[in-house]
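Understanding the architecture of this molecule
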Amino acid sequence: MTTSSHITRLARRGLQTATHATPPPPPPMMSMAALAPKRKPRAEGDIGSVFASLSGEEAAVLPPRFRDLKRQIINDADRAALTASWGRLTARLAQAADEIETAKQDAVPTVAYDDLINADSGTIARIKRAGALVLTGVVPRPEAEGWLRQVEEYVAANPQVKGFPADDKQVFEVYWSKPQLAARAHPRSVAAQRALLSLFASSPASSVSLASPLMYADRLRVRHPGDSRFALGPHMDGGSIERWEDPTYRSVYAAILQGQWEAFDAFEIEARSAANQNLYDGAGACGIFRAFQGWTSLSDTGPGEGTLRVYPLIKEETAYTLLRPLFRELKSKAEVGHEAYLAPDNWVLDTETTDFPGAPPARSQEFNDDTHPHLQLSRSMVSIPRVRPGDQAWWHADTIHAVEAAHRGTGPSAVMYIPTVPLTRVNAAYVRDQLESLRDAVPPPDFPGGTGEQGFVGTGTVGDVVGHTARQAMGIEPFELSPDMPAGERAAREDANKIFGFA
Ligand SMILES: [Fe+2]
């Protein structure tokens, strides 16, 4: 879902892209225009409309074409390989639950800003294994604390602001406050985003730029001590049923769906960035591809204080998510007990039902102990380590994450959601439309619509997006082009400049 999401590395990235021998031919102008049909404005609302579990709706039975989809996926694979893979995976998940329960917060790497910018192979391996991290010391603490004060002043000056829950607002429908614009443009945050993008690989033919992250406007959260209503259960961003239904999205997971989950690489970016994550234009759908979702902390918040929880093994949880709908239980837990229920011989390939557990169209992919029992979420969802103002939390596009059910701390648990967005044509088209939302002071295209911050006191404007890099990332100024630029980088920038209307 959309809420919920950061240069010496740049030089290293430049070396990688320098090996791009042949850039893809620039698409004709027609296809640029076709990228952005007029986006449909979304209904007014708040974050409660994004999740089936928050909206209180019952799980619906999916139509028969979803059974056909499962049959197609299963028939495209080797059934014996799929079944064997499921057995290995579920055994690994049982072991993983023990490991995570023992490690607790240590299962999520805490990395200092300088150690990400100049990351050694050990740090990279730890981040890639977990798929999540706490990045410390990105923004100087006094600056981040200042942003929280400004946010509180902005909300106080505009009591008509929408938020969730409506009678005690904590997740605000605020996108264009000045501190948000400043936080998105902060040079160290942008450098962190470049470093995170450099963890991904893209092929020489790809015009994805990992060196020029774009800016994505999202909400902010100021959770009050004692709150237990903003209890987002375990979920995955980036669509739900789309992971199977969209052929490009499905291709990201080819290794898993062919029975080789151990060979899955969560850090290949090309197919991911071209996938359609939004087939049903749901309230929670995201119109861009975020390599990492993240937030910047404005408060000192530890486990138990309303913070983020993650499943900290990206390969394992992604493999299980993708394989889960392909298998069904033979006997229920009530019939055979917990251990026999989870055992491989209680699960068979499912070509009979239309079930995609926790993946209703137009909602986020959600997880619980009934829909995804082998994850043992009550043991394996772990709260991230303590964050202080100016630290950031980051989680991979496929990371299962949640927000702690209760905030038992004494201060606000406050974050600005700011993701890592590579430069692609689809993302650039979103950013172009998002800029219109800033100009009109309305919610960005991905979010519940309405008049937003029109008429608010102190709302930011285009002039408050400060700095050349930030203005490029918002589509306000063109990207520079140079003949010595690596070919893939140059193609991505040329495409973006056309989409932004500069060429
Ligand atoms: Fe999320």
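Here is a short report on the structure shown in this document. Predicted model, so just to flag it, every value in this text is computed and none were measured.

1. What to know about the overall build of the protein chain
Check the secondary structure of the protein chain and you find 21 helices and 17 strands. Counting only residues that meet the buried cut, the protein chain has 58% of its 503 residues in that class. Split by element, the accessible area of the protein chain, about 18,800 Å² in all, is 54% carbon and sulfur.

2. Section: the pattern of salt bridges
Taken as a whole, this structure holds 25 salt bridges when the rule is applied. With its nearest N and O atoms 2.6 Å apart, the salt bridge here joins Asp300 to Arg386. With Asp300 in the loop between strand S8 (292-297) and strand S9 (308-310) and Arg386 in the loop between strand S13 (382-383) and strand S14 (392-396), the pair connects residues that are 86 residues apart, well separated along the chain. We classify Asp300 as partly exposed; its relative accessible area is 34%. Under the relative-accessibility criterion, Arg386 is labelled partly exposed at 33%. Salt bridges sharing partners connect three or more residues here, namely Arg92, Glu99, Arg129 and Glu316.

3. Considering helix H15 (residues 314-323)
The buried count for H15 comes to nine of ten residues, which makes it a mostly enclosed element. Residues of H15 that are buried include every one of Ile314, Glu316, Glu317, Thr318, Ala319, Tyr320, Thr321, Leu322 and Leu323, and no others.

4. Thoughts on the pairing of S14
When you tally the buried positions in S14, you get five out of five residues, the bulk of the element. A two-sided burial pattern is seen for S14, the buried positions comprising Gln392, Trp394 and His396 on one face and Ala393 and Trp395 on the other. In the sheet, strand S2 (residues 132-136) pairs with S14 via four bridges, with the strands oriented antiparallel. Residue pairing for S14: Val134 is matched across the bridge by Ala393.

5. Here we look at unusual backbone geometry
The step from Phe164 to Pro165 runs through a cis peptide bond, and the omega angle for that step is -10 degrees. Within the fold, Pro165 resides in the loop between strand S3 (163-164) and strand S4 (171-172). One non-glycine residue, Lys104, lies in positive phi territory at about 50 degrees. Here Lys104 is to be found in the loop between helix H5 (79-103) and strand S1 (110-112). Judged by relative accessible area, Lys104 falls into the partly exposed class, the value being 48%.

6. Things to note about empty space enclosed by the protein
Empty space within the largest cavity amounts to approximately 100 Å³. Split into classes, the residues belonging to the lining of the largest cavity amount to four nonpolar, six polar and four charged.

7. Examining the environment of Arg272
Within the fold, Arg272 resides in helix H14 (residues 270-274). Arg272 sits in the buried class, given a relative accessible area of 2%.

8. Quick look at the nonpolar core
With 107 residues, the main nonpolar core has Trp295, Tyr311, Leu326 and Ile384 as its most contacted residues. Sequence-distant contacts of Ile384, that is, excluding residues within four places in its chain, are made with Gln105, Val108, Val134, Trp295, Pro303, Thr307, Leu308, Val310 and Ala393. Within the second largest apolar cluster, 30 residues are counted, among which are Tyr175, Tyr216, Ile476 and Ile499.

9. Describing the pairing of S2
Within S2, four of the five residues are buried, which leaves the element mostly enclosed by the surrounding structure. Here three bridges tie S1 to S2, and the two strands are oriented parallel to one another. Note that in S2 the partner of Thr110 across the bridge is Val134.

10. Topic: helix H8 (residues 141-157)
The end-to-end C-alpha distance of H8, which contains 17 residues, comes to 24 Å, matching closely the 24 Å that a straight helix rising 1.5 Å per residue would cover. Every buried residue of H8 is listed here: Ala144, Gly146, Trp147, Leu148, Val151, Tyr154 and Val155. Those residues of H8 that are buried are in contact with S4, helix H9 (178-185), strand S6 (220-223), S8 and strand S16 (413-417).

11. So, the environment of Tyr320
Topologically, Tyr320 is positioned in helix H15. With relative accessibility at 0%, the residue Tyr320 sits in the buried group. As for Tyr320 and Leu89, which are separated by 231 residues in sequence, their C-alpha atoms are 7.2 Å apart. The contacts of Tyr320, once residues within four sequence positions are left out, are Trp86, Leu89, Leu93, His372, Pro373, His374 and Leu375.

12. Quick notes on the side chain of Gln170
Positionally, Gln170 belongs in the loop between S3 and S4. Looking at Gln170, its side chain comes within polar contact range of the side chain of Asp227, at 3.1 Å. Beyond its immediate sequence surroundings of up to four residues, Gln170 is in contact with Phe164, Pro165, Leu220, Arg221, Val222, Arg223, His224 and Asp227.

13. Overview of the sheet that holds S6
Strand order in the open sheet made by the eight strands is S1-S2-S14-S8-S16-S6-S4-S3, with mixed pairing throughout. Among the strands making up the open sheet, the edge pair consists of S1 and S3. Along the sheet, helix H10 (residues 187-197) contacts S2, S8 and S14; its crossing angle with S14, the most-contacted strand, is approximately 25 degrees.

14. Looking at the packing of aromatic side chains
In this structure the tally under the stated criterion is 17 aromatic pairs. Between Tyr341 and Trp347, the aromatic rings sit 5.4 Å apart at their centres with planes inclined by 65 degrees, giving edge-to-face as the arrangement. On the accessibility criterion, Tyr341 (5% relative accessible area) is buried. The exposure class of Trp347 is buried, given its relative accessible area of 3%. One aromatic cluster in this structure is built from Trp86, Tyr320, Phe327, Tyr341 and Trp347.

Definitions and cut-offs
- Residues numbered from 1 in each chain as written.
- Predicted model: local features only at pLDDT ≥ 70, side-chain atom pairs only at ≥ 80, totals over all residues.
- Heavy atoms only, no water.
- Helix = DSSP H or I, 4+ residues; strand = E, 2+ residues; numbered from the N terminus.
- Buried < 20%, exposed > 50% of the residue type's maximum accessible area, 1.4 Å probe, protein only.
- Areas by Shrake-Rupley, 256 points an atom, 1.4 Å probe, with all protein chains shown as cover.
- Salt bridge = Lys/Arg side-chain N within 4 Å of Asp/Glu carboxyl O.
- Pairing = 2+ DSSP bridges.
- 1 Å grid on protein atoms, 1.4 Å probe; cavity = no way out; pocket = protein on both sides within 12 Å on 5 of 7 lines; lining within 4 Å.
- Points joined across faces, edges and corners; volume = space filled by probe spheres on them.
- Nonpolar A, V, L, I, M, F, W, Y, C, P; charged D, E, K, R; others polar.
- Core = buried A, V, L, I, M, F, W, Y, C linked by side-chain atoms within 4.5 Å.
- Contact = heavy atoms within 4.5 Å.
- Expected span 1.5 Å × (residues − 1).
- Polar contact = N/O pair within 3.5 Å; in protein donor to acceptor, adjacent residues only side chain to side chain.
- Axes fitted to C-alpha atoms, helices over the stretch in contact; angles between N-to-C directions.
- Phe/Tyr/Trp six-rings, centres within 6.5 Å; stacked < 30°, edge-to-face > 60°.

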